[in-house]
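# Per-entry structural report
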Amino acid sequence: MDYLKLTFDKLDPTEISELCAHESCGAVSLFIGTTRDNFQNKQVVKLEYEAYDEMAKKIMSKICDDVRLNWPDVQNMCIYHRLGEVPVKEASVIIAISSPHRQTSLEALPFALDQLKKSVPIFKREYYKDTEGSSEWKENPECTWSKKNRQLIDEL
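What you are looking at is a predicted structure, and each value in this text was computed from that prediction instead of being measured.

## A word on the overall build of the protein chain
Counting secondary structure elements, the protein chain contains four helices and nine strands. Overall, the protein chain shows an N-to-C arrangement of helices and strands of β-α-β-β-β-α-β-β-β-α-β-β-α. Taking all 156 residues of the protein chain together, the buried fraction comes to 39%. Put simply, 73% of the contacts in the protein chain that link residues at least 6 apart link residues at least 24 apart. When the accessible surface of the protein chain is totalled, it reaches about 9,300 Å², and 49% of it is carbon and sulfur.

Written out as structure tokens, the structure is:
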């Protein structure tokens, strides 16, 4: 089963881990991405996320399908991403994967995270302490879809 969620609510790792667990599985691997207080010598006070919900969930579902193609014994997957403001130390993304044995879920987890960062249209804005109201929209270096969009715009 796949559990996909974009939410403005605070993410609860325990709840997500329990949702992902399955009686036939001995492993639930969990990744929790949190807001850190710094980036490139700037003091970060919070992040803000926006998403194109319909497309994001469609691509998140495809990621789950791709995981299962590579690791067929994966049982449950949760991909939860926070929207809106996310203060320092709070989770912005949680991915959980259950499987009969730990090796499968541990291998599948970084794949799912990398695909999320590469392909899901979720936009991140960093807010900085140094300058009042200073903020910057950021792009993951792995992101492929926005580079394609830029090429398309340049061609027009």
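## Observations concerning a nonpolar patch on the surface
On the surface, Tyr52, Met55 and Phe123 cluster together into a nonpolar patch covering about 280 Å² of accessible area. Mapped onto the secondary structure, tyrosine 52 falls in the loop between strand E4 (42-51) and helix H2 (53-70). Residue tyrosine 52 is classed as partly exposed on the basis of its relative accessible area of 45%.

## What to know about the pattern of salt bridges
For side chains bearing opposite charge, pairing can occur when the charged atoms are close. This model, assessed by the stated rule, comprises five salt bridges. Note that glutamate 85 is salt-bridged to lysine 46, the shortest N-O span being 2.9 Å. In this pair, glutamate 85 sits in strand E6 (residues 84-87) while lysine 46 sits in strand E4, placing the two residues 39 residues apart along the sequence. Aspartate 66 is the partner of lysine 62 in a salt bridge, and the nearest nitrogen-oxygen pair spans 2.8 Å.

## Overview of the pairing of strand E5 (residues 77-82)
Burial of E5 is extensive: six of the six residues sit out of reach of the surface. In E5, alternate side chains face the same way, and those of Met77, Ile79 and His81 on one face and Cys78, Tyr80 and Arg82 on the other are all buried. Summarising the sheet, strand E1 (residues 2-7) and E5 pair through six bridges and their orientation is parallel. Across the sheet, threonine 7 pairs through a bridge with arginine 82, a residue of E5. For E5 and strand E7 (residues 91-99), the ladder comprises five bridges, and the chain directions are antiparallel. Of the residues in E7, the one forming a bridge with methionine 77 is isoleucine 97.

## Concerning the sheet that holds E7
Strand order in the open sheet made by the four strands is E1-E5-E7-E2, with mixed pairing throughout. Single-partner strands in this sheet number two, and they are E1 and strand E2 (27-34). Ignoring strand direction, the axes of neighbouring strands in this sheet form an average angle of 5 degrees. H2 contacts E1 and E5 of the sheet and is inclined by roughly 150 degrees relative to E1. Against the sheet, helix H3 (residues 102-119) touches E2, E5 and E7, its axis set at about 145 degrees to E7.

What counts, and where the lines are drawn
- Counting restarts for each chain, with residues numbered from 1 along the sequence as it is written.
- In view of the model being predicted, local features appear only for residues whose pLDDT reaches at least 70, and side-chain atom pairs are presented and counted only at 80 or more, with totals across whole chains, interfaces and linings using the full set of residues.
- Only hydrogens and water are set aside when side-chain values are computed; all heavy atoms of the structure are taken into account.
- Segments assigned H or I by DSSP are reported as helices when at least four residues long, segments assigned E as strands when at least two residues long, and all are numbered from the N terminus.
- Partly exposed residues are those whose accessible area sits between 20% and 50% of the maximum for their type, while under 20% is buried and over 50% is exposed, using a 1.4 Å probe and protein chains only.
- Contacts were defined at the residue level, with two residues in contact if any of their heavy atoms lie within 4.5 Å.
- Using a 1.4 Å probe, accessible areas were evaluated by the Shrake-Rupley method; residue-level cover was limited to the displayed protein chains.
- Only residues whose relative accessible area exceeds 30% and that take part in no salt bridge are eligible for patches, with like-charged residues grouped when within 9 Å of each other and nonpolar side chains (Val, Leu, Ile, Met, Phe, Trp, Tyr) grouped when within 5 Å.
- Salt bridge, as applied in this entry: a Lys or Arg side-chain nitrogen positioned within 4 Å of an Asp or Glu carboxyl oxygen.
- Here, strands pair whenever DSSP counts at least two bridges between them.
- Whenever a helix is involved, its axis is fitted only over the stretch in contact; in every case the axis is a line through C-alpha atoms, and angles between N-to-C directions fall within 0 to 180 degrees.

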